[in-house]
Amino acid sequence: MGAERRNDLYAIVWRLPLLIWQLLFFVVPLGFMFVMSFWVVRNYRMVPDFSLANWEKILGWDIFWKAYAFTFLLATLSTVITSAVAFPAAYGLAFKVSDAARRWAIFLLIIPFFTSYLVRVYAWQVVLGGNGVINGLLGVIGIEPLAMLNSPVGTIIGYLTLTLPLVVILQTISLASIDKTLVEAAHNLGCGRFRTVHAVIVPAAKVGLVVAALFCFILSFGDFVSPYYLGGSKPPTLSIMIIDSTKSGQQWPRAAVIAVMMILTLLAVAFAAVGTAYRRRG
């Protein structure tokens, strides 16, 4: 019994820093933001109060729900495109190259994170602009310039810039951990390549694939940089609405309502994704 208690105490001690970190930097700020959503603004100053006016204003505002649906749609579209683009690359790195080549590829995928995401978005402005690189090349072959900047297309490209390297890395790690004998057994039983991927590889790597998609959705749903600098804030996303609320009469409580709604949405999506990832078939 004494040894078991020592082991339990040892486990608690090692878990304690993570619990303290989550408490101080997630639970406490989230609780403060939730409380602030009930405050009021008088003479451009926040006054502690308990009023439902901010919630009634935001939840009864059609613009909020349009921005909510648009943000959710963009994040979902970004997740689907990113996962679809990343999977062939991750599959090739997991099954078609040597371990050394895979390590070098993962190292190269990490390099983009050495530079600021904002700097990479500014670089896309040069590429996607009306007089940018892509439209310049299109003009050479006689095609009219395409409106890619200040549009949802630009926003999606920004989301891919943010999430694609990370998703490829996570998918590669998940696929590389699959027991190769399962793939060989599928081939021996007559499964073609596509059926092997569908019936063996994807189910075996389901947890990693879902977690990678979840990271993509979370980063895209809360991103401010791409909708602002590449999407032109037209139409606005929820992150843009938060900025606009703070600039309009210092309405930090209304911004807190929007932020709480975003966090509740992400928590719901996260719980659903994790439940899907660990659900057993049959």
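See the structure above.
Residues numbered from 1 in each chain as written. Predicted model: local features only at pLDDT ≥ 70, side-chain atom pairs only at ≥ 80, totals over all residues. Heavy atoms only, no water.

## A word on the pattern of salt bridges
- Following the criterion strictly, the structure yields two salt bridges and no others.
- The shortest N-O distance in the salt bridge between Asp49 and Arg42 comes to 3.8 Å.
- Among the residues examined, Arg42 registers a relative accessible area of 46% and is labelled partly exposed.
- Notably, a salt bridge pairs Asp99 with Arg102, separated by 2.9 Å at the nearest N-O pair. On the criterion of helical spacing, the pair formed by Asp99 and Arg102 is a turn pair, its members being three residues apart in helix α4 (residues 99-110).
- Residue classification places Asp99 among the partly exposed positions, given a relative accessible area of 45%.
- Judged by its relative accessible area of 15%, Arg102 is buried. (Salt bridge = Lys/Arg side-chain N within 4 Å of Asp/Glu carboxyl O. Buried < 20%, exposed > 50% of the residue type's maximum accessible area, 1.4 Å probe, protein only. Helix = DSSP H or I, 4+ residues; strand = E, 2+ residues; numbered from the N terminus.)

## Considerations on the packing of helix α10 (residues 206-221) against helix α13 (residues 252-278)
- At a closest axis distance of 9 Å, the pairing of α10 and α13 adopts a crossing angle of 170°. It follows that α10 is roughly antiparallel to α13 by the angle criterion. For the pair α10 and α13, contact is made by Lys206, Val207, Val210, Leu214, Phe217, Ile218 and Phe221 and by Met262, Thr265, Leu266, Val269, Ala270, Ala273, Val274, Thr276, Ala277 and Tyr278, respectively.
- Class assignment of the residues belonging to the contact of α10 with α13 gives a composition of 14 nonpolar, two polar and one charged. (Axes fitted to C-alpha atoms, helices over the stretch in contact; angles between N-to-C directions. Parallel < 35°, antiparallel > 145°, perpendicular 65-115°, else oblique. Contact = heavy atoms within 4.5 Å. Nonpolar A, V, L, I, M, F, W, Y, C, P; charged D, E, K, R; others polar.)

## Notes on the packing of aromatic side chains
- Applying the stated criterion across every chain, the model contains 19 aromatic pairs.
- Ring geometry for Phe34 versus Trp55: centroids 6.3 Å apart, planes at 65°, classification edge-to-face. Residue Phe34 is located in helix α1 (residues 2-36), and its partner Trp55 is located in helix α2 (residues 53-59); the two are separated by 21 residues in the primary sequence.
- For the pair Trp104 and Phe107, a centre-to-centre distance of 5.9 Å together with 90° between the ring planes defines the contact as edge-to-face. One end of the pair is Trp104 and the other is Phe107, both in helix α4 and three residues apart, which spans about a single turn.
- For Trp104, a relative accessible area of 59% gives the class exposed.
- An aromatic cluster is defined as three or more aromatic residues linked by ring pairs; in this entry it consists of Phe64, Trp65, Tyr68, Phe72, Phe217 and Phe221. (Phe/Tyr/Trp six-rings, centres within 6.5 Å; stacked < 30°, edge-to-face > 60°.)

## Observations regarding the environment of Phe87
- Of note, Phe87 is situated in helix α3 (residues 62-95).
- Phe87 sits in the buried class, given a relative accessible area of 18%.
- For the pair Phe87 and Val167, spaced 80 residues apart in the sequence, the C-alpha separation amounts to 8.6 Å.
- Filtering out sequence-adjacent residues up to four positions away, Phe87 remains in contact with Gln171, Leu175, Val197, Val202 and Leu209.

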